[in-house]
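Survey of secondary and tertiary structure
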2 protein chains.
Amino acid sequence: MQIRKATGFANSNIAFIKYWGNRDHALRLPVNDSLSMNLDGLHTRTTVAFDPSLTADVVALGGQIQSPESSKRVSDHLDRVRALAGLKTFARVESENNFPTGAGIASSASGFAALTVAAGAAAGLALSERELSILARQGSGSASRSIPSGFVEWKTGSNPDGRDSFAFSVAAPDHWALADCIAIVSSAHKEVGSTGGHALARTSPLQQARIEDAPRRLNLCREALLARDFEKFAEAVEEDSTMMHAIMMTSRPPLYYWLPPTLAVMDAARKWRANGLPACFTIDAGPNVHVLTLAAHASDVASRLRALPGVQNVLVAAPGGGASLINE
Amino acid sequence: MQIRKATGFANSNIAFIKYWGNRDHALRLPVNDSLSMNLDGLHTRTTVAFDPSLTADVVALGGQIQSPESSKRVSDHLDRVRALAGLKTFARVESENNFPTGAGIASSASGFAALTVAAGAAAGLALSERELSILARQGSGSASRSIPSGFVEWKTGSNPDGRDSFAFSVAAPDHWALADCIAIVSSAHKEVGSTGGHALARTSPLQQARIEDAPRRLNLCREALLARDFEKFAEAVEEDSTMMHAIMMTSRPPLYYWLPPTLAVMDAARKWRANGLPACFTIDAGPNVHVLTLAAHASDVASRLRALPGVQNVLVAAPGGGASLINE
């Protein structure tokens, strides 16, 4: 058998309504539906080559060969693809992000989405968008959202095997000219990653109330998004973000991801909006702040952010497309 | 009729298990029980003189005569005392705090406790500690806790008229040599005060869960306090504080009281404790941080706090006594 190779590409995404906590950890079935936007230009590009000469999977991230421990989550994901394809061959995986890893920009989302697309194609599978989303979800929950294009909703579904837990596009990237100005306040690797954090979510006495209120928040946010109503959108997005961090900070042990400059950016975004500039914050499991605005205001917002103490860098992203194969 | 005059004294208090939200606003009946410590040396001293020659109440705070609008809450409280005493006479009120007002140190707690003691005595009422606590509560909820001595629990009770909602001492000031090191990061007056905040509490989708979990937190904290178990105490106190701020930040409109240095102090307290120094944070409706420690470590904690960026001043208080009359 010859080497079978494919390259996949996927953008990261930022959730407006967040995913925090699983109803099934192994299958990464979330406790609530979520809503996100793909981030154009913040992407992972991954090549998978199934090679009969290999005696184990070899995983390189950013040119660095990973230890077997670090590779395990990728190998486990390749096992899912191999099981679907009836394949026994090990693979060489080369993956590159064009943004810093592990600091609140969802590298696992774009990473597992790109890996899924590449591995599926290299294994000879013809997977639908829905099948790709379900498969990507099992590698990293939020990766399910990096498969479809533009603005994306991910349903938790009701089936225990997860067959109805996938993401789909609710609007194309050109539906609304939003921009995500990502204020980097720390590029340090976080102490507790998302996978560990999801497992702690249920230990917060507030998590059940957050879950029960999630459909209200998601409906509000989706309606605002579809109507391009920034003010309504901003309130839903900030409330949802802070509600997730409330769960994190009241878990046992508590997870405090905010740093002093995180709070300074949050406060600035709220003040700017009160003064008429469309801007709102949302924060993933890390200290960096995504300040959402309209494209027409993106350069103004980015330069204001750069002027804030503690902001090291600002990345700007427009709504992005879905995951795809790259012909080489 | 001659002038009838008395002077009352009360310490402020810091809640370990917080009061946030009322079951009855007019009567200031809280949604959950709370637990606090009086703060020795952070006090209000108030003189009330019922004077037949006056045609309205005259209120001076820190030597400044207050406008009728600013005096209204004090006049309303004097009305309660006049109703109990069958008195029609207006009063001259002179009140002094020895700490900054309106910045997260509960000036309304010591203020209304001292006012209650002074006005009750000047009106010729012989009120029990329980009656004083019930009366003080109607001026400012947390004032009910500044009446008894030392470590104090305030019950919400069940009677709609509030007759069983009062505070009582659970331990004398010398039970445990705690110290409260108050890191002042801003002395600005807050935009939304506690009274307005309590009214917003029910708009948070998380408030009901916080209320339902409150007995667990209070029992944990009281047990730790009675057993002088600092580690267990610290976890309960920090969890309760952050849970209250989670409600504030998810109210509509949201209330963000934390400033960047607030977060820096919280993080420092947690790191110090992880490294063996007994220290934990708790934060009222404002940006200042109360860092609780043992008396033996108070000067170390205070000097570490002074070295943190954004900390303007540190006040240190031991467990304090209850409200009392001052003989002049």
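Keep in mind that what you see is a predicted model, and the values were worked out from it rather than measured.

1. Regarding the sheet that holds strand β10 (residues 178-184) of chain A
Residue and element names in this part refer to chain A.
- Pairing within the open sheet is antiparallel, and its four strands lie in the order β11-β12-β10-β13. Each of the sheet's edge strands pairs with one partner strand only, and the pair in question is β11 (279-282) and β13 (313-317). Each strand axis lies, on average, 25 degrees off the axis of its neighbour in the sheet, ignoring direction.
- Summarising the sheet, β11 and strand β12 (residues 289-294) pair through four bridges and their orientation is antiparallel. Following the sheet pairing, Thr 282 is matched in β12 by His 290.
- Across the sheet, helix α6 (residues 230-249) lies against β10, β11 and β12, angled at about 20 degrees from β11, the strand it touches most.
- Across the sheet, helix α8 (residues 298-306) is in contact with β10, β12 and β13; its angle to β10 comes to roughly 10 degrees.

2. Some thoughts on the domain arrangement of chain A
Residue and element names in this part refer to chain A.
- Domain parsing of chain A yields domain 1 (4-174) and domain 2 (178-319).
- Measuring from the centre of the C-alpha atoms in domain 1 to the corresponding centre in domain 2 gives 23 Å.
- If you look at the interface, domain 1 gives 33 residues, while domain 2 gives 47 residues.
- Of the roughly 3,300 Å² buried where domain 1 meets domain 2, counting both sides, 69% is carbon and sulfur surface.
- Interface area lost by domain 1 to domain 2 is led by Phe 16, Lys 18 and Trp 20, which between them contribute 26%.
- Joining domain 1 to domain 2, the criterion identifies two salt bridges.
- Note that Lys 18 and Asp 284 form a salt bridge whose closest N and O atoms lie 2.6 Å from each other.
- Elements represented by at least two residues in the side of domain 1 that touches domain 2 include exactly β1 (4-17), β4 (34-50), β8 (151-154) and β9 (167-171).

3. As for the interface of chain B and chain A
- Between chain B and chain A, the contact holds 23 residues from the first and 24 residues from the second.
- Summed over both partners, the interface of chain B with chain A comes to about 2,000 Å²; 73% of that surface belongs to carbon and sulfur atoms.
- In this assembly, chain B and chain A are joined by two salt bridges.
- Our count for the contact surface shared by chain B and chain A stands at four residue pairs in polar contact (both at pLDDT 80 or more).
- Listing elements by their share of the side of chain B that touches chain A, those giving two or more residues are α5 (207-227), α6 (230-249) and α7 (260-274) of chain B.
- Class assignment of the residues belonging to the side of chain B that touches chain A gives a composition of 15 nonpolar, two polar and six charged.

4. So, the relation of the copies chain B and chain A
- Between chain B and chain A, the superposition needs a rotation of 180 degrees and an axial shift of 0.0 Å, giving an RMSD of 0.0 Å. Within this description, the copies of the chain are treated as partners about a two-fold rotation axis. Proximity to the rotation axis, assessed at the C-alpha, singles out Pro 260 of chain B in chain B; its C-alpha lies 2.0 Å from the axis.

5. Examining the environment of Thr 293 of chain B
Residue and element names in this part refer to chain B.
- By the element assignment, Thr 293 lies in strand β12 (residues 289-294).
- Accessibility expressed as a relative area gives 0% for Thr 293, which makes it buried.
- Taking the C-alpha atoms as reference points, Thr 293 and Ile 147, 146 residues apart in sequence, are found 24 Å from one another.
- Residues within four places of Thr 293 in sequence aside, it is in contact with Ala 177, Leu 178, Ala 179, Cys 181, Phe 230, Pro 278, Ala 298 and Val 301.
- A polar contact is formed between the side chain of Thr 293 and the backbone oxygen of Pro 278, at a distance of 2.5 Å.

6. A closer look at the packing of α5 of chain B against α6 of chain B
Residue and element names in this part refer to chain B.
- Two elements in contact, α5 and α6, have axes separated by 9 Å at closest approach and are oriented at 160 degrees. It follows that α5 is roughly antiparallel to α6 by the angle criterion. Between α5 and α6 lies a crossing of left-handed hand. Between α5 and α6, the contacting residues are Gln 207, Arg 210, Asp 213, Arg 216, Arg 217, Leu 220, Cys 221, Glu 223 and Ala 224 on the first element and Lys 232, Phe 233, Ala 236, Val 237, Glu 239, Asp 240, Met 243, Met 244 and Ile 247 on the second.
- Classifying every residue of the contact of α5 with α6 by side-chain character gives nine nonpolar, one polar and eight charged.

7. Observations concerning unusual backbone geometry
- A cis amide bond links Arg 252 of chain A with the next residue in sequence, Pro 253 of chain A, at an omega value of -5 degrees.
- Backbone geometry places Arg 28 of chain A, a non-glycine residue, at a positive phi of 50 degrees.
- Summarising the element assignment, Arg 28 of chain A is placed in the loop between β2 (22-24) and β3 (29-30).
- Take Arg 28 of chain A: its relative accessible area is 12%, and that puts it in the buried class.
- Residues other than glycine seldom take positive phi values, yet Arg 228 of chain B does so here, at roughly 55 degrees.
- A relative accessible area of 46% places Arg 228 of chain B in the partly exposed class.

8. A closer look at helix α3 (residues 129-139) of chain A
Residues and elements named next belong to chain A.
- In terms of burial, α3 is a largely internal element, eight of the 11 residues being buried.
- Turning to α3, its buried residues number three or more, namely Leu 132, Ser 133, Ile 134, Leu 135, Ala 136, Arg 137, Gln 138 and Gly 139.
- Against β3, α1 (68-85), α2 (107-122), β8 and β9 lie the buried residues of α3.

9. Concerning helix α1 (residues 68-85) of chain B
Residue and element names in this part refer to chain B.
- The principal kink in α1, of about 30 degrees, is found at Val 74.
- Inspection of α1 places Ser 71, Val 74, Ser 75, His 77, Leu 78, Val 81 and Arg 82 among the buried residues, and these make up the whole buried set.
- Where the residues of α1 are buried, they touch β4 (34-50), β5 (58-61), β7 (91-97), α2 (107-122) and α3 (129-139).
- At the exit of α1 stands Gly 86, carrying a positive phi of roughly 65 degrees.

What counts and how
- Residues numbered from 1 in each chain as written.
- Chains lettered and ligands numbered in written order.
- Predicted model: local features only at pLDDT ≥ 70, side-chain atom pairs only at ≥ 80, totals over all residues.
- Heavy atoms only, no water.
- Pairing = 2+ DSSP bridges.
- Helix = DSSP H or I, 4+ residues; strand = E, 2+ residues; numbered from the N terminus.
- Axes fitted to C-alpha atoms, helices over the stretch in contact; angles between N-to-C directions.
- Contact = heavy atoms within 4.5 Å.
- Domains from an automatic or database assignment.
- Buried area = accessible area lost by both parts, 1.4 Å probe.
- Salt bridge = Lys/Arg side-chain N within 4 Å of Asp/Glu carboxyl O.
- Polar contact = N/O pair within 3.5 Å; in protein donor to acceptor, adjacent residues only side chain to side chain.
- Nonpolar A, V, L, I, M, F, W, Y, C, P; charged D, E, K, R; others polar.
- Least-squares fit on C-alpha atoms with pLDDT ≥ 70 in both.
- Buried < 20%, exposed > 50% of the residue type's maximum accessible area, 1.4 Å probe, protein only.
- Parallel < 35°, antiparallel > 145°, perpendicular 65-115°, else oblique.
- Left-handed = near helix turned anticlockwise from the far one by under 90°.
- Bend = angle between axes of the 7 residues up to and from the residue.

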